[in-house]
Number of protein chains: 2
Amino acid sequence: MRTGEQRARPRQGLSRERILAEAARIFNRLGYHGATLDDVARALGVTKAALYYHVANKEELLFQCCKVAIAIGLEGIRRAQAETAAPDEQLRRALAAYIEGMTDQLRGSVVILEEGTLSPEHYREVKAERDEYERELRGIIARGVAQEVFVPCDLRLVGFALLGAMNWIPKWYSPAGSRSGREVAEVFAAYLVRGLQASGRAPALTAGAP
Amino acid sequence: MRTGEQRARPRQGLSRERILAEAARIFNRLGYHGATLDDVARALGVTKAALYYHVANKEELLFQCCKVAIAIGLEGIRRAQAETAAPDEQLRRALAAYIEGMTDQLRGSVVILEEGTLSPEHYREVKAERDEYERELRGIIARGVAQEVFVPCDLRLVGFALLGAMNWIPKWYSPAGSRSGREVAEVFAAYLVRGLQASGRAPALTAGAP
DNA sequence: CGCCGCTAACTGACCGGTCAGTAAGCTCGG
DNA sequence: CCGAGCTTACTGACCGGTCAGTTAGCGGCG
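## A look at the packing of helix α8 (residues 181–194) of chain A against helix α8 (residues 181–194) of chain B
- Between α8(A) and α8(B), the least distance of the axes is 7 Å, while the angle of their chain directions is 120 degrees. Judged by the angle between their axes, α8(A) and α8(B) are oblique. Crossing geometry of α8(A) relative to α8(B) is assigned as right-handed. Residues Tyr191(A), Leu192(A), Val193(A) and Arg194(A) of α8(A) touch α8(B), and the partners they reach there are Tyr191(B), Leu192(B), Val193(B) and Arg194(B).

Structure, rendered in structure tokens:
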């Protein structure tokens, strides 16, 4: 029953992972309140009651989605920091990783926390983790500014701009579209970093194919 | 009875403008489906039934909010194009105008069109206008690229990045916060334009007071 | 001036549909 | 033959929408 279990011997499979991915996609499309559990169940090819075998309730489903999304983001930052020391490259990789996660893994960021959707305790937990994520992001930017790789800026506002551009992606992205998640990630990350880079060092924007 | 009338001689005032502004704020906070008409009515200091005296139904309320938001955006573009010929400055002013509108006038962009919230006809209409807005925005960027003021880029993706950063603002902005709508507008517009500008021409990011 | 009739603006109670959540039973694989 | 993994069938609450009624002000008629 523990989280870590995907005992994969299911009759036709309803792993926690699949449930969360599908739920995230539906929540993103219809909005949390607009989506019914029947919608999620139908997308998974089961009935609503089956969902209740795996999750406690609708709110917990959203909660788990949020945790996964933030975990993807934090993991991206950690990897970026491990792979390079240059703040601009760190930021680029961190953003790209988050975007790839949102487009390919968990479809739909869901961090679109409407008020009153999560229970107070869950809200506090998610907010704390999300704040941690934002703080890390701002930290990278601040170091970039200190090293004069980035121009001085309002960390909070620029951070919100980055987050906004990325969190908006699930609203229009489709895996069937002309751009893959990776391509979107590259273009977005390059553009978002470029707006911060000190003059003269910023590379062009195009990524991959012309 | 026509739309253009706000013949305001109401007992205590429930103008179309006030209703839309408050509805936008509530919809933005709770999400369209998460917000009840009682919420909106309470915020206006009346009962739900009073709302129905002024609007046909909940969906129409959202529809009107969307129209106002897009109108603000399009008006911003028109003014920007009338005021200056330089694509980068045009873009900067257009974005700033939209942001100011979203923060000060209509509080909450609401263009966060979740699927199935608007009727097919209303959806078509809003989508058409929104597409028009996006097309105009891309047009400015395209001209900037042609004049080598902007670096070459994927117009569609960059457009989405701009829109995302801006549409996210209502999620965190508060008029009681440390930054006014105008300040947010200036910083965002400067940052978002800067990411496109050809090297060497981009100015710094800080705007207004430190 | 005064008060009569009208309407614009609003209230409170209510109905019906929808949806989160539950209960109880069926069905395989081991 | 047991129980994990599901189903069908249901309940209760909540919310969009309606409607009969109330209140406030305005315009006109005597």
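After that view of the structure, there is still more to cover.
## Focus on the interface of chain A and chain B
- Contact with chain A, which involves 44 residues of that partner, is made by 44 residues of chain B.
- Regarding the contact of chain A and chain B, the summed buried area is about 3800 Å², with carbon and sulfur atoms giving 63% of it.
- Ranking the residues of chain A by area buried against chain B places Leu157(A), Trp168(A) and Tyr191(A) at the top, with a combined share of 19%.
- Linking chain A to chain B there are four salt bridges.
- Between Arg29(A) and Glu115(B) there is a salt bridge, with its nearest N and O atoms 3.2 Å apart.
- Our enumeration of links across chain A and chain B arrives at 10 residue pairs in polar contact (both at pLDDT 80 or more).
- It is helix α7 (residues 155–172) of chain A that provides the largest number of residues to the side of chain A that touches chain B, a total of 13 residues.
- Partitioned by chemical class, the residues of the side of chain A that touches chain B number 25 nonpolar, 11 polar and eight charged.

## Considering the protein's contact with DNA strand C
- Around DNA strand C lies a shell of 16 residues, among which Lys48(A), Thr47(B), Ala49(B), Tyr53(B) and His54(B) are the nearest.
- In DNA strand C, the atoms that sit within 4 Å of the protein are 57% sugar and phosphate, with bases accounting for the remainder.
- Within the backbone of Lys58(A), an N or O atom sits 2.9 Å from a phosphate oxygen of DNA strand C.
- In the model, a phosphate oxygen of DNA strand C is placed 3.3 Å from a nitrogen or oxygen of the Tyr53(B) side chain.
- Contributing elements (two or more residues each) for the surface near DNA strand C: α3 (48–54) of chain A together with α3 (48–54) of chain B.
- Among the elements that line the surface near DNA strand C, the one with the most residues is α3(B), at four residues.

## Some thoughts on the pattern of salt bridges
- Taken as a whole and assessed by the stated rule, the structure comprises 42 salt bridges over all chains.
- One salt bridge connects Arg92(B) with Glu89(B), and the closest N-O pair in it is separated by 3.0 Å. Highlighted residues: Arg92(B) and Glu89(B), both in helix α5 (residues 87–105), separated by three residues, approximately one helical turn.
- A salt bridge links Arg135(B) to Glu132(B), with the nearest nitrogen and oxygen atoms 3.2 Å apart. Taken together, the residues Arg135(B) and Glu132(B), both in helix α6 (residues 120–146) and three residues apart, mark about one turn of the helix.
- You can call Glu132(B) partly exposed: its relative accessible area is 28%.
- Within the structure, one salt-bridge network assembled from shared partners comprises Arg79(A), Glu83(A), Glu89(A), Arg92(A), Arg93(A), Glu100(A), Arg182(A) and Glu186(A).

## Comments concerning the relation of the copies chain A and chain B
- The transformation that overlays chain A on chain B combines an axial shift of 0.0 Å with a rotation of 180 degrees, and the residual RMSD is 0.0 Å. Such a combination of turn and shift is consistent with a two-fold rotation axis. Of the C-alpha atoms belonging to chain A, the one lying closest to the rotation axis is found on Gly195(A), 1.7 Å away.
- The residues that chain A uses at the interface reappear at the interface of chain B in 100% of cases, marking a shared surface.

## Notes on the protein's contact with DNA strand D
- In the vicinity of DNA strand D lie 18 residues, with Thr47(A), Tyr53(A), His54(A), Lys48(B) and Tyr52(B) positioned nearest.
- If you look at DNA strand D and keep only atoms within 4 Å of the protein, 56% of those are sugar or phosphate atoms.
- In this structure, a phosphate oxygen belonging to DNA strand D sits 3.1 Å away from a side-chain N or O atom of Tyr53(A).
- Ala35(B) places a polar main-chain atom, nitrogen or oxygen, 3.3 Å from a phosphate oxygen of DNA strand D.
- Secondary structure elements with two or more residues in the surface near DNA strand D: α3 of chain A together with α3 of chain B.
- No other element matches α3(A), which puts four residues into the surface near DNA strand D.
- Of the residues in the surface near DNA strand D, the class split is nine nonpolar, four polar and five charged.

## Thoughts on the packing of aromatic side chains
- Counted under the stated rule, the structure contains 10 aromatic pairs over all chains.
- Centroid distance Trp172(B) to Tyr173(B): 6.4 Å. Interplanar angle 80 degrees. Geometry classified as edge-to-face.
- An aromatic cluster of at least three residues, connected via ring pairs, comprises Phe160(A), Trp172(B), Tyr173(B) and Phe188(B).
- In this arrangement the basic side chain of Lys58(B) is found over the ring face of Tyr32(B), its NZ or CZ atom lying 4.5 Å from the centre.
- Residue placement shows Arg138(B) over the ring face of Phe160(B); its charged tip is 5.9 Å from the ring centre.

What counts and what doesn't
- Residues numbered from 1 in each chain as written.
- Chains lettered and ligands numbered in written order.
- Predicted model: local features only at pLDDT ≥ 70, side-chain atom pairs only at ≥ 80, totals over all residues.
- Heavy atoms only, no water.
- Axes fitted to C-alpha atoms, helices over the stretch in contact; angles between N-to-C directions.
- Helix = DSSP H or I, 4+ residues; strand = E, 2+ residues; numbered from the N terminus.
- Parallel < 35°, antiparallel > 145°, perpendicular 65-115°, else oblique.
- Left-handed = near helix turned anticlockwise from the far one by under 90°.
- Contact = heavy atoms within 4.5 Å.
- Buried area = accessible area lost by both parts, 1.4 Å probe.
- Salt bridge = Lys/Arg side-chain N within 4 Å of Asp/Glu carboxyl O.
- Polar contact = N/O pair within 3.5 Å; in protein donor to acceptor, adjacent residues only side chain to side chain.
- Nonpolar A, V, L, I, M, F, W, Y, C, P; charged D, E, K, R; others polar.
- Near = heavy atom within 4 Å.
- Buried < 20%, exposed > 50% of the residue type's maximum accessible area, 1.4 Å probe, protein only.
- Least-squares fit on C-alpha atoms with pLDDT ≥ 70 in both.
- Phe/Tyr/Trp six-rings, centres within 6.5 Å; stacked < 30°, edge-to-face > 60°.
- Lys NZ or Arg CZ within 6 Å of the ring centre and 35° of its normal.

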